[in-house]
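Spelled out, the chains give:
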Amino acid sequence: MSRSELDLFPKQVLKALNDGTAKLVINTQSKLSASSPVDSGRLASSWNVGTDQPDLSVRPEDWAEPGAGRVELNTPNPQTITFKSDHYISNNLPYASRAANDPGYVGRRGGGRGDWFSSVVNQLDQDAKR
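These numbers were taken from a predicted model, which means no experiment stands behind them.

Chemist: Please set out the pattern of salt bridges residue by residue, giving values where relevant.
Modeler: In this structure the tally under the stated criterion is 5 salt bridges. Among the salt bridges present, the one from Asp-102 reaches Arg-98, with a minimum N-O distance of 3.1 Å. With its nearest N and O atoms 2.3 Å apart, the salt bridge here joins Arg-130 to Asp-127. Among the residues examined, Arg-130 registers a relative accessible area of 71% and is labelled exposed.

Okay, here's the thing in structure tokens:
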């Protein structure tokens, strides 16, 4: 390996770490949205990514009519997600915690159980390894 190749190695490692972190964060945000119970789509559309602090924004109450199923994510630019920063995926709707933790809420995949949130969280280690 030449000296110039050795000089590039730390930059290549940092780029790979940044790319992997961005993929994990955006993929997890997408999975949470895709698995969320949907009526109007407000819950599924309120998963936000904050860098170095949670993003406390929420979709407005009139986001969509009941039954509309409108889902749109504020997906961050992958270049803004770096390995050196902390990233938070949050949902600050008043009922988000209940929807995520109450077995009475059934995710899109159905099955009669509200384990949609746990299934996404339990996959994080495997997703990070990939």
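Chemist: Tell me about a nonpolar patch on the surface, and name the residues and values.
Modeler: Nonpolar side chains collect at one region of the surface, where Phe-9, Val-13, Leu-14, Leu-17 and Phe-83 lie side by side and expose about 410 Å² of accessible area between them. Relative to the assigned elements, Leu-14 resides in helix α1 (residues 3-35).

Chemist: Account for unusual backbone geometry, with residues named and values stated.
Modeler: In this structure, Asp-52 is a non-glycine residue whose phi angle is positive, near 70°. Mapped onto the secondary structure, Asp-52 falls in the loop between β1 (48-51) and β2 (87-90).

Chemist: Any chance you could break down the packing of aromatic side chains for me, citing the residues and the numbers?
Modeler: This structure, assessed with the given rule, holds 3 aromatic pairs. Centroid distance Trp-47 to Trp-116: 6.4 Å. Interplanar angle 75°. Geometry classified as edge-to-face. Of the two residues, Trp-47 is situated in the loop between α1 and β1 and Trp-116 in helix α3 (residues 116-122); the sequence distance between them amounts to 69 residues. Residue classification places Trp-47 among the buried positions, given a relative accessible area of 5%.

Chemist: Let's hear about the nonpolar core: which residues, and what values?
Modeler: By size, the foremost hydrophobic cluster in this structure holds 9 residues: Leu-32, Leu-43, Trp-47, Leu-93, Ala-96, Ala-99, Ala-100, Trp-116 and Val-120. The set of elements that each furnish at least two residues to this core consists of α2 (96-101) and α3. Looking at this core element by element, the count peaks at 3 residues for α2.

Criteria and thresholds
- Residues numbered from 1 in each chain as written.
- Predicted model: local features only at pLDDT ≥ 70, side-chain atom pairs only at ≥ 80, totals over all residues.
- Heavy atoms only, no water.
- Salt bridge = Lys/Arg side-chain N within 4 Å of Asp/Glu carboxyl O.
- Buried < 20%, exposed > 50% of the residue type's maximum accessible area, 1.4 Å probe, protein only.
- Patch = residues over 30% accessible without salt bridge, like charges linked within 9 Å, V, L, I, M, F, W, Y side chains within 5 Å.
- Areas by Shrake-Rupley, 256 points an atom, 1.4 Å probe, with all protein chains shown as cover.
- Helix = DSSP H or I, 4+ residues; strand = E, 2+ residues; numbered from the N terminus.
- Phe/Tyr/Trp six-rings, centres within 6.5 Å; stacked < 30°, edge-to-face > 60°.
- Core = buried A, V, L, I, M, F, W, Y, C linked by side-chain atoms within 4.5 Å.

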